[in-house]
Amino acid sequence: MTERSVSIHVPAMTRVEGEGSLRLRIENDRIEELALDIFEPPRYFEKFLEGRRYHEVIDMVARICGICPIAYQMSAAQALENVFDIQPGQWVRDMRRVFYCGEWLQSHALHVHLLAAPDFLGFDSVVSMAEEHPDTVRRGLRLQGLGNDLIRLLGGRSVHPVGACVGGFFRAPEQAEVDRMLGQLRSALPEAGDLVGWAAALPMPDDQQAFINVSLRHETDYPLAEGRIVSDDGLDIPVNEYEQHFAEEHRPQSTALFSALGGQPYLVGPLARLNLNMDRLPASSLALVKQSNISFPSSNMFHSLFARAVEIHVAIVEAIRLLEDYQLPSSPHLEVTPNAGTGFGATEAPRGLLWHRYEVDGDGLVKSARIVPPTSQNQARIEADLRRSLVNFGLQHPDDALRLRAETVIRNYDPCISCATHFLKLDVKRQ
Amino acid sequence: MIRIVGLGSPFGDDRVGWRVIELLQGRLPQEIDLVALDRPGASLINWMQEIDHLILVDAVSSAAPPGTLIKVDPAQLDTSGGRLTSHDLALSTSLRLAASLGCLPARADIYGVEIGGHTEEGLSAVAEAAAVELASVIVDAVS
């Protein structure tokens, strides 16, 4: 038998964030080694936070990620409020949900239209796709812009917003600003409904896989800024018990940590949220899912794109609902008196569950911090998915075809490798 | 309609694009739209609608000395390194995407200010002087 060793280097994988590579060794048509290597230098954010005053945390953690700063701010605010035993009132909770809807909207709109769609419509990038599908790309840009406007309403600006604080917001928007935003949201809603139908009709590989879904679950609403942590194999715990059930481990190839639930990989993100929370969808979003030919819960990972489309609709419906009842509060935030203690927070970032823990001393200085981002939780699941998907696809395919399929699988998770610690260098060795 | 967009971030001399927009306030006919954007990525394309002349001002990093003014023809931008990620859309990629969508304004000019390594709060004296000079260049160009 002839022996062939092929090594492909793609210096930067496109359409995902961060830097990583995939090592793949195939012997006798079997995968002998598959490892997602992440070599972005670890980000010592947890250490940076030590010794900082509690109120500095919200602006610092926003810098971990350029696309989901609100997620980091909201998980941190919740955890610090848990330390100080304060419960923000309904106005703050509602406006945090609206703020968060803006982040889901811009993040999902960008991923669905500009990053993932070319994989399913057969283009190498959105630039070539735009010539044949200009309306699709324009819709993505409009929805992304709407998300940014919603973020600006409460955050002051859309990149690393500065409006949030422990206890609430620094400023409450005026009624006229809210009315303008409501007008924009209402006129975008039909387009978001069309998007769900468009996503359902995209040609998707039929790849059924068994995996554990993990997300927040709220008493009445689709999970966003609060809830208990649940899974589809019976887990139902308050946020403060996360560390008793989930373990993180270092692996030599990666500067990110791999997470496991009971020793098993698990999925967080849009598909896991939808699989676990169909009964929490707003009625109009649920009707759109029922009109599609896709049934949930789904074990086809490629339905993540459909789940993102549904969540774009949810974000607009929820923002409208909450802003329709808008009233100026007497104060946009609670006063905070720091005390010593430990607190926990978890919210649903666009990419999935984002968990924080802070230990604070009596002067309000951070003694220790722990941040578990969604991409590191998904890392073991991505590896398991790759192994399966590449075998199903057929290992006899040429390297370029294997690489495209691997990239499609990885992109489907919309991983943010920078948050978890740039992409895809594929190293294939065949024997 | 002409729109002048200053691109930047709050970090050191990277804000020079915003400073040029500040310096242009009140010095141009009212119908010229002035906008300062913070790393807009793909949403820059939303600012190209319904205009026929776009002027972009951004900090650049090349081998030139700090403070050097550069005028770039969009067609000359190197597209090979333009990355498209969830967090970052290179200016060259945004312009190519706009061209594919047919929404690139009839005329687009890019002015760059060479910046050095100044990342402290506020602009360096060199970047400030370059911003003042570039504002005058733009006033002359559109008047």
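One numbering rule holds for all chains: residues counted from 1, following each sequence as written. A letter from A marks each chain and a number from 1 marks each ligand, given out in the order of writing. Totals for whole chains, interfaces and linings use every residue, but because this is a predicted model, local features are given only for residues with pLDDT of at least 70 and side-chain atom pairs only at 80 or more, for both listing and counting.

Enquirer: Quick question: what am I supposed to make of the overall build of chain B here?
Expert: The helix and strand tally for chain B stands at three helices and five strands. Comment: elements are numbered from the N terminus, with helices defined as DSSP H or I runs of at least four residues and strands as E runs of at least two. Across chain B, helices and strands are ordered from the amino to the carboxyl terminus as β-α-β-β-β-α-β-α. Principal-axis analysis of the C-alpha atoms places the extent of chain B at approximately 40 × 35 × 25 Å.

Enquirer: Looking at this structure, I do not really get the overall build of chain A. What am I missing?
Expert: Helix and strand counts for chain A come out as 14 helices and 14 strands. Between the buried cut of 20 or more and the exposed cut of 12 or fewer other C-beta atoms within 10 Å of a residue's own C-beta lies the partly exposed class, and all C-beta atoms are placed from the backbone. In chain A, buried positions account for 52% of the 431 residues.

Enquirer: What should I look at first to understand helix α10 (residues 283–291) of chain A in this one?
Expert: Residue and element names in this part refer to chain A. What α10 keeps buried is the set Ser 285, Leu 288 and Val 289. All buried residues of α10 lie within an arc of 100° about the axis, which places them on one face of the element. Exposed side of α10, more than 90 degrees from the buried face: Ala 283, Ala 287, Lys 290 and Gln 291 are the residues found there. Contact between residues is assigned whenever the C-beta positions, reconstructed from backbone atoms, fall within 7 Å. Turning to α10, the residues buried within the fold contact α7 (175–201) and α11 (304–324). Our arc is simply the arc of the directions from the helix axis toward the C-beta atoms.

Enquirer: In this structure, what is going on with the packing of helix α12 (residues 374–393) of chain A against helix α13 (residues 399–411) of chain A? I would like to understand it.
Expert: Each packed pair of helices is defined by two parameters, the angle between the axes and the distance between the axes. All names here are of chain A. An axis is simply a line fitted to the C-alpha atoms; with a helix, the fit covers only the stretch in contact. Between two such axes, the angle follows the N-to-C directions and lies from 0 to 180 degrees. Closest axis-to-axis distance for the α12/α13 pair is 10 Å, and the angle between their directions is 140°. One finds that α12 runs oblique with respect to α13. For α12 against α13, the interelement crossing comes out right-handed. Residues Ile 382, Asp 385, Leu 386, Ser 389, Leu 390 and Phe 393 of α12 form the contact with α13, whose participating residues are Leu 402, Arg 405, Ala 406, Val 409 and Ile 410. For this classification, the nonpolar set comprises Ala, Val, Leu, Ile, Met, Phe, Trp, Tyr, Cys and Pro, the charged set comprises Asp, Glu, Lys and Arg, and every other residue, Gly included, is treated as polar. Residue composition of the contact of α12 with α13, by class: eight nonpolar, one polar and two charged. Any angle from 65 to 115 degrees is called roughly perpendicular, while one under 35 is roughly parallel, one over 145 is roughly antiparallel, and all others are oblique. Put simply, a crossing is left-handed when the front helix is turned counterclockwise from the back one by less than a right angle, and right-handed when it is turned clockwise.

Enquirer: Where do I start with the confidence of the model for chain A in this structure?
Expert: It should be kept in mind that the predicted coordinates are not to be read in detail where pLDDT is low. Every residue carries a pLDDT, the predictor's confidence in it, which falls somewhere between 0 and 100. Per-chain confidence: chain A averages 88 in pLDDT, with 89% of residues scoring 70 or above. In the predicted structure, residues 1–14 of chain A sits below a pLDDT of 50 and forms 31 contacts with residues beyond four places in sequence or in another chain.

Enquirer: Honestly, the environment of B:Ala135 in this entry has me stumped. Any pointers?
Expert: Residues and elements named next belong to chain B. Structurally, Ala 135 is set in helix α3 (residues 125–142). Taking C-alpha positions, Ala 135 is 14 Å from Arg 3, a pair spaced 132 residues apart along the chain. Beyond its immediate chain neighbours, meaning those up to four positions away, Ala 135 contacts Val 20, Leu 23 and Leu 24.

Enquirer: Where do I start with the environment of A:Pro238 in this structure?
Expert: Residues and elements named next belong to chain A. As for its position among the elements, Pro 238 is in the loop between β7 (236–237) and α8 (242–245). On the basis of neighbour count, Pro 238 is assigned to the exposed category, with 11 C-beta atoms found within 10 Å. The spatial distance from the C-alpha of Pro 238 to the C-alpha of Gly 140 is 36 Å, given a sequence separation of 98 residues.

Enquirer: Could you clarify how one ought to interpret the pairing of strand β2 (residues 33–38) of chain B in this entry?
Expert: For a regular strand, side-chain orientation follows a simple rule: the groups alternate between the two sheet faces. Residue and element names in this part refer to chain B. Here strand β1 (residues 2–8) runs beside β2; their pairing, made up of six bridges, is parallel. Note on β2: the bridge partner recorded for Val 5 is Val 35. Each parallel crossover has a hand, and the one from β1 via helix α1 (residues 16–24) to β2 is right-handed. In this analysis, strands are considered paired if DSSP registers two or more bridges between them. If the strands point away from the viewer and the path from the first strand over the helix to the second runs clockwise, then the crossover is right-handed.

Enquirer: For this particular structure, what's the right way to read the sheet that holds strand β5 (residues 212–217) of chain A?
Expert: Backbone hydrogen bonds hold the strands of a sheet together, and the pairing may be parallel or antiparallel. A sheet is described by the order of its strands in space; here four strands give the open sequence β7-β6-β5-β10 (chain A), paired in mixed fashion. If you trace the sheet from one side to the other, it starts and ends with β7 and β10 (266–267) of chain A, each paired once.

Enquirer: Is there a simple way to explain α12(A) in this structure?
Expert: One turn of an α-helix holds 3.6 residues; hence residues three or four places apart share an orientation. Residues and elements named next belong to chain A. One fewer than the residue count of a helix, multiplied by 1.5 Å, yields its expected span. The end-to-end C-alpha distance of α12, which contains 20 residues, comes to 27 Å, matching closely the 28 Å that a straight helix rising 1.5 Å per residue would cover. Of all the bends in α12, the greatest, near 35°, is centred on Ala 380. Positioned one or two residues after α12, Gly 394 has a phi angle of 115°, which is positive. Consider a residue and the seven residues that end there alongside the seven that start there; fitting an axis to each set, the bend is the angle between those axes.

Enquirer: Just checking my understanding: could you explain the confidence of the model for chain B for this structure?
Expert: Averaged over every residue, the pLDDT of chain B is 85; residues scoring 70 or more account for 90%. For this predicted complex, the interface confidence score (ipTM) comes to 0.77, while the overall pTM stands at 0.88.

Enquirer: What is the right way to read the sheet that holds strand β4 (residues 69–72) of chain B from this model?
Expert: Residues and elements named next belong to chain B. Pairing is mixed across the open sheet formed by five strands, whose spatial order is β2-β1-β3-β5-β4. In this open sheet, the two strands that pair with only one neighbour each are β2 and β4. Ignoring which end each strand starts from, the neighbouring axes of this sheet average 20° apart. As paired strands, β4 and strand β5 (residues 107–114) are joined by four bridges and run antiparallel to one another. Counted as the bridge partner of Val 72 is Ile 110 from β5. Along the sheet face, α3 touches β1, β3 (53–60), β4 and β5 and points at about 160° away from the line of β5.

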